[in-house]
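# Understanding the architecture of this molecule
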Amino acid sequence: MDVLQIVAIGLMATVLIGVLRSQRPELAVLLSVAAGVILFLLVLGKIGSIVGIITDLSARAGISMVYLGTIMKIIGIAYIAEFGAQICRDAGEGAVATKIEFAAKILIMVLAVPIVVAVLQSLLKLLGEAG
Amino acid sequence: MEIIRNLVQSLVIIIILAMFLEMLLPAGEMRTYVKMIMGLLVIIAVVQAVGSIARWSFEEMPAVVTGAGDGRGQLPEILETGRKISARQQELGIEQYRQGLARQVTALVNLNQELPVLDVEVNVESESGKPGFGQIKEIILTVGENPEQAGPEPEGEKLVDNVTPVTVQVGSPGTPDKPGAVNPKAVAGIVGVLTNFYNIKPEQVKIIYN
């Protein structure tokens, strides 16, 4: 029944934001942020179980936690940046949203550097062995 | 066959994990970036899983496939640990052998009552690569003062009058630093016994006069 609660909260927030946007646009943005935070907190406990399943699956595959941790951080950065950018767009600040996305892309690329280097070294090793 | 089965098993789990992670991705513009990074991870996981069969070394990067699931990739560590254990056991064996020889030499030299031996040290060849591995390099005897030729006894315990010792000067190389303290003949006898018993050269037996 969690999904009913989530949908109900979402619908109520949508209606309220729609009413407030014409009267008090600044309060509408705050309500949007509050609704997002509430929805996130509702599913926060379930995220832990998903991460546990992924960790267990990677342990079964024998995949190093170094790379899995990097992937998890990248997914987290993407989500947070996406939420922030959407809130900014809802508030009519598309330029700020674009900058948030740009910063998130840079952070993702920085985190991905070890993986890219590892791929490069693996391929070079592969080509060296083949040659 | 077992290796290929493990490889296919690892690849299947890696692909399932990638698909599972892809479901978690955000829907917006960030999705393409995260998908690219995950694709790179899958590539490196597959390459390393295949490379571990061909015994390529990936020491310069953290291993994606740690080998926790099927035991692959642990062979160099096991071999290295085995070499360390073997070297340690060999070291302990050499030390035990050296101590046993020292006890044997002590028992031999104590047969001669004229020469009070305080300490015996035996050095053996401990490098396994050399041809004379385990052979005696030298025997070092620490000789104390002969109690019969030592200083005067306490007055209360004196039973007979002191007799002036007769010293025989022998110009041999084995003349001790304290000619009056020990009998050179006894020293020569001990050296002869040790050289004959262990088949070593007289130069390998060193006497230290304490």
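Residues numbered from 1 in each chain as written. Chains lettered and ligands numbered in written order. Predicted model: local features only at pLDDT ≥ 70, side-chain atom pairs only at ≥ 80, totals over all residues. Heavy atoms only, no water.

### As for the overall build of chain A
Per the secondary structure count, chain A includes 4 helices and 0 strands. Buried residues in chain A amount to 26% of all 131 residues. At a minimum sequence separation of 6, the contacts of chain A that also span at least 24 residues come to 45%. Element-wise, carbon and sulfur atoms account for 76% of the exposed surface of chain A, whose accessible area totals about 7,900 Å². (Helix = DSSP H or I, 4+ residues; strand = E, 2+ residues; numbered from the N terminus. Buried < 20%, exposed > 50% of the residue type's maximum accessible area, 1.4 Å probe, protein only. Contact = heavy atoms within 4.5 Å. Areas by Shrake-Rupley, 256 points an atom, 1.4 Å probe, with all protein chains shown as cover.)

### A short note on the UniProt feature "transmembrane region" (unreviewed entry) in chain A
Residues and elements named next belong to chain A. UniProt records the feature "transmembrane region" (unreviewed entry) for residues 6-22, 29-55, 61-81 and 102-124 in the present numbering. Annotation note: span residues 61-81, helix share 86%, strand share 0%, distance between end C-alpha atoms 30 Å. Strand forms 0% of residues 102-124 and helix 100%; the C-alpha atoms that close the span are 31 Å apart. (UniProt positions renumbered as here; feature names shortened; annotations may be inferred.)

### Description of helix α4 (residues 184-198) of chain B
Residues and elements named next belong to chain B. In a regular helix each residue adds 1.5 Å, so 15 residues correspond to 21 Å; α4 covers 21 Å between its end C-alpha atoms and thus fits that length. Among all positions of α4, only A186, V187, I190, V191, L194, T195 and Y198 are buried. Projected down its long axis, α4 shows its buried positions confined to an angular sector of 165°, all on one face. When the buried face of α4 is taken as reference, the exposed residues oriented beyond 90 degrees from it are K185 and N196. Downstream of α4 by a residue or two, N199 has a phi angle that is positive, lying close to 55°. (Expected span 1.5 Å × (residues − 1). Arc of directions from axis to C-beta.)

### Re the sheet that holds strand β3 (residues 205-209) of chain B
All names here are of chain B. With mixed pairing, the 3 strands of this open sheet are ordered in space as β1-β2-β3. Bordering the open sheet on either side are β1 (117-124) and β3, each of which pairs with just one other strand. Pairwise comparison of adjacent strand axes, ignoring direction, gives a mean angle of 15° for this sheet. Where β1 meets strand β2 (residues 136-143), 7 bridges bridge the pair, whose relative direction is antiparallel. Looking at β2, one finds that D119 is bridged to T142. Packing of α4 onto the sheet brings it into contact with β2 and β3, and relative to β3 it is tilted by some 150°. (Pairing = 2+ DSSP bridges. Axes fitted to C-alpha atoms, helices over the stretch in contact; angles between N-to-C directions.)

### Comments concerning the interface of chain A and chain B
The interface of chain A with chain B comprises 35 residues on the first partner and 37 residues on the second. Across the interface of chain A and chain B, roughly 3,400 Å² is buried in total on both sides, 80% from carbon and sulfur atoms. In this structure, the connection of chain A to chain B is made through 0 salt bridges. Across the chain A-chain B interface, the total number found is 2 residue pairs in polar contact (both at pLDDT 80 or more). In terms of residue count, the dominant contributor to the side of chain A that touches chain B is helix α4 (residues 94-130) of chain A (15 residues). (Buried area = accessible area lost by both parts, 1.4 Å probe. Salt bridge = Lys/Arg side-chain N within 4 Å of Asp/Glu carboxyl O. Polar contact = N/O pair within 3.5 Å; in protein donor to acceptor, adjacent residues only side chain to side chain.)

### Observations regarding the nonpolar core
Grouped together as the largest cluster of nonpolar side chains are 31 residues, with contacts concentrated most on A:I71, A:I108, B:L17, B:L21, B:V34, B:I37 and B:M38. Contributing elements (two or more residues each) for this core: α2 (25-61), α3 (65-90) and α4 of chain A together with α1 (2-23) and α2 (30-53) of chain B. At 8 residues, α2(B) tops the list of elements feeding residues into this core. For B:V34, the residues in contact, after removing those within four places along its chain, are A:I74, A:I75, A:A78, A:I108 and B:L25. Within the second largest apolar cluster, 24 residues are counted, among which are B:I94, B:L101, B:V117 and B:Y209. (Core = buried A, V, L, I, M, F, W, Y, C linked by side-chain atoms within 4.5 Å.)

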